[in-house]
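So you can see what is in the structure, the chains are spelled out below.
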Amino acid sequence: MNNLPGIILVLFVLFFMKNHASELPSFIHVCHRSDPNLGQCLMAAVEDIRPYLGTGLPEYNIPSLEPLVMQDLISEEVAGMKIVTSHVSAYGCSDFFVRGIEIDKDLHTYNLSIDIPKLRIQADYSIDGKLLLLPVKGNGNMEANVTDCVSNCILQGEIYEKDGEDYLRFVSSKLNVKVGGGHVRLENLFNGDKVLLGVINDIVNKNLESFLKELMPVVEKALSAMFLEVGNDVVGAFTLNQLFPQ
């Protein structure tokens with residue numbers, strides 16, 4: 001779940017690199033604004049660079065996708081217990097698949113559909129609440145295996161003029177994520193009592209769908225804001241003609 005902005009950032013770094021072929025490595029090809037199949041061209045560019053995404057390419061400001069880390073705290077209520085997670089790391093991000101890219105060149109709207117078959121998410125957690133009227137409190141490690149992540153990101157841009165040149169900036173970002181299924185395992189509670197720990201894990205997983213339903217709007221809002229900021233950092237240094245040659 002927390003990996004999506006990093007993946008989309010990689011896509012836009014690819015899309016908005018300088019367009020002079022002599023300055024680009026062999027695995028990057030240029031997509032021109034006049035290409036009637038611009039979306040397909042951008043998808044092909046992503047496929048060309050996919051083998052390099054596991055370790056990243058620091059010289060081109062392309063981060064590694066293994067793992068992607070999100071430090072922000074996420075807090076939700078599950079069956080009367082408050083669970084707070086932090087130091088979240090997601091593995092499996094480099095196996096993403098770009099299902100489609102739609103571009104409205106006149107309205108400067110970019111619509112990306114991205115699927116991820118399987119993610120393993122590790123985090124620190126703390127839990128505080130009651131189980132069968134008994135107080136439950138502790139902290140430890142959490143691991144979640146999430147399957148069939150389907151995401152859609154719509155980035156709205158506009159053109160503005162600076163020093164006689166046209167530039168692109170993004171004014172809004174909307175991210176939607178759906179998770180097909182998954183399983184969560186909490187560890188290190190109750191001094192290693194496997195019976196009580198099993199009960200807690202069972203409650204969390206039986207309420208996983210409602211937990212994700214409550215959690216995802218919070219995550220989506222935070223990631224949309226992050227993506228908007230990062231997207232503008234990427235495109236702000238280049239003119240429109242540099243980003244998308246004619």
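Worth saying up front: this structure is predicted, and the values here are computed from it rather than measured.

(A) Just the overall build of the chain, in detail. The helix and strand inventory of the chain stands at 5 helices and 7 strands. Counting helices and strands in the order they occur from the N terminus, the chain gives α-α-β-β-β-β-β-β-β-α-α-α. Counting the 246 residues in the chain, one finds 48% classified as buried. Looking at the chain alone, contacts between residues at least 24 apart form 68% of all its contacts between residues at least 6 apart. Surface exposure of the chain reaches about 12,600 Å², of which carbon and sulfur atoms provide 52%.

(B) Expanded view of the pattern of salt bridges. A full pass over the atoms with the stated rule returns 5 salt bridges. Residue E158 pairs with R169 through a salt bridge whose shortest N-O separation is 2.7 Å. With E158 in strand 6 (residues 134-162) and R169 in strand 7 (residues 165-186), this residue pair connects regions lying 11 residues apart in the sequence. Note that K206 is salt-bridged to D202, the shortest N-O span being 3.2 Å. Taken as a pair, K206 and D202 lie in helix 3 (residues 194-206) at a separation of 4 residues, close to a single helical turn.

(C) Broad picture of the environment of G180. Structurally, the position occupied by G180 is in strand 7. Assessed through its relative accessible area of 58%, G180 is described here as exposed. For the pair G180 and D148, spaced 32 residues apart in the sequence, the C-alpha separation amounts to 4.8 Å.

(D) Highlighting the nonpolar core. If you look at the biggest cluster of nonpolar residues, it comprises 39 residues, and the most contacted ones within it are F96, L119, I121, I127, V184, L186 and I200. Broken down by secondary-structure element, the contributors of at least two residues to this core are helix 2 (38-49), strand 3 (81-91), strand 4 (97-104), strand 5 (109-131), strand 6, strand 7 and helix 3. For this core, the element with the most residues is strand 5, which contributes 7 residues. Contacts of L186, omitting those with residues within four sequence positions, involve Y125, I127, N141, M142, L197, I200, N201 and V204. L112, L155, F170 and L240 belong to the second-largest nonpolar core, a separate cluster that totals 7 residues.

(E) The arrangement of a negative patch on the surface in detail. Among the surface-exposed residues, E161, D163, E165 and D166 lie close enough to one another that they form a single negatively charged patch. Summarising the element assignment, D163 is placed in the loop between strand 6 and strand 7. Since its relative accessible area comes to 73%, D163 is described here as exposed.

(F) Inspection of the side chain of E143 at higher detail. Locating E143 in the fold gives a position in strand 6. When residues no more than four places from it in sequence are discounted, the contact partners of E143 are R120, I121, Q122, H183, V184 and R185.

(G) How the structure looks around the confidence of the model for the chain. When pLDDT is averaged along the chain, the result is 75, and 72% of the positions lie at 70 or above. Averaged over each element, pLDDT in the chain is lowest for helix 1 (residues 4-15) (56) and highest for strand 7 (86). Ignoring residues within four places in sequence, the model shows residues 18-22, a span with pLDDT below 50, making 8 contacts including any to other chains.

(H) Fine view of the environment of N207. Summarising the element assignment, N207 is placed in the loop between helix 3 and helix 4 (208-235). Within the local environment of N207, its side chain forms a polar contact with the backbone oxygen of I203, the two atoms lying 2.8 Å apart.

(I) Structural view of the side chain of N111. By secondary structure assignment, the location of N111 is in strand 5. A polar contact is formed between the side chain of N111 and the side chain of N152, at a distance of 2.6 Å.

(J) Molecular detail of helix 2. Between the first and last C-alpha of helix 2 there are 17 Å, a value that for 12 residues agrees with the 16 Å anticipated at 1.5 Å per step. Inspection of helix 2 places L38, G39, C41, L42, M43, A45, V46 and I49 among the buried residues, and these make up the whole buried set.

(K) Structural context of helix 3. Here helix 3 is 13 residues long and its end C-alpha atoms lie 18 Å apart, about the 18 Å a rise of 1.5 Å per residue gives. Taken residue by residue, helix 3 has L197, I200, N201, I203, V204 and N205 as its buried positions.

(L) Focus on unusual backbone geometry. Even without being a glycine, D148 presents a positive backbone phi close to 55°. You can see D148 is positioned in strand 6. Overall, the relative accessible area of 49% leaves D148 in the partly exposed class. The backbone of D163 sits at a positive phi, close to 55°, despite the residue not being glycine.

Rules and cut-offs
- Residues numbered from 1 in each chain as written.
- Predicted model: local features only at pLDDT ≥ 70, side-chain atom pairs only at ≥ 80, totals over all residues.
- Heavy atoms only, no water.
- Helix = DSSP H or I, 4+ residues; strand = E, 2+ residues; numbered from the N terminus.
- Buried < 20%, exposed > 50% of the residue type's maximum accessible area, 1.4 Å probe, protein only.
- Contact = heavy atoms within 4.5 Å.
- Areas by Shrake-Rupley, 256 points an atom, 1.4 Å probe, with all protein chains shown as cover.
- Salt bridge = Lys/Arg side-chain N within 4 Å of Asp/Glu carboxyl O.
- Core = buried A, V, L, I, M, F, W, Y, C linked by side-chain atoms within 4.5 Å.
- Patch = residues over 30% accessible without salt bridge, like charges linked within 9 Å, V, L, I, M, F, W, Y side chains within 5 Å.
- Lys, Arg positive; Asp, Glu negative; His and termini not counted.
- Charge placed at Lys NZ, Arg CZ, Asp CG, Glu CD.
- pLDDT = per-residue confidence, 0-100.
- Polar contact = N/O pair within 3.5 Å; in protein donor to acceptor, adjacent residues only side chain to side chain.
- Expected span 1.5 Å × (residues − 1).

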